[in-house]
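These are the residues of each chain, in order.
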Amino acid sequence: MGLGKPIFDSYRSANGSLIPTGGFLGAERFTLQTRGWIYNSSKGAWMPPGF
């Protein structure tokens, strides 16, 4: 996150949609969302704010 580069999410469906989850992965996704990161389903990656 500190480098401001996209973070790829490997737990997703074939069309790029995130597969709902809890636990540690759910906490990581929550952290990204609350810090302004947006999930881009076409790239399968979380994009940093202002990217």
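Parameters and conventions
Residues numbered from 1 in each chain as written. Predicted model: local features only at pLDDT ≥ 70, side-chain atom pairs only at ≥ 80, totals over all residues. Heavy atoms only, no water. Helix = DSSP H or I, 4+ residues; strand = E, 2+ residues; numbered from the N terminus. Rg over C-alpha atoms; globule rule 2.2 N^0.38 Å. Buried < 20%, exposed > 50% of the residue type's maximum accessible area, 1.4 Å probe, protein only. Areas by Shrake-Rupley, 256 points an atom, 1.4 Å probe, with all protein chains shown as cover. Pairing = 2+ DSSP bridges.

Turning to the overall build of the protein, a few remarks are in order. The helix and strand tally for the protein stands at 1 helix and 3 strands. In sequence order, the secondary structure elements of the protein are arranged as β-α-β-β. For 51 residues, the compact-globule estimate of 2.2 N^0.38 gives 10 Å, and the C-alpha radius of gyration of the protein, at 10 Å, lies within 12% of that figure. Across its three principal directions, the C-alpha atoms of the protein cover 25 × 25 × 15 Å. For the protein, the proportion of its 51 residues judged to be buried stands at 24%. Accessible surface, the protein as shown: approximately 3600 Å² in total, 59% of it carbon and sulfur.

Quick look at the sheet that holds strand β3 (residues 45–47) now. Within the open sheet, the 3 strands sit side by side as β1-β3-β2. Their pairing is antiparallel. The open sheet has two edge strands with one neighbour each: β1 (7–8) and β2 (38–40). In this structure, β2 lies alongside β3, joined through 3 bridges in antiparallel fashion. Bridging from a neighbouring strand, Y39 pairs with W46 of β3.

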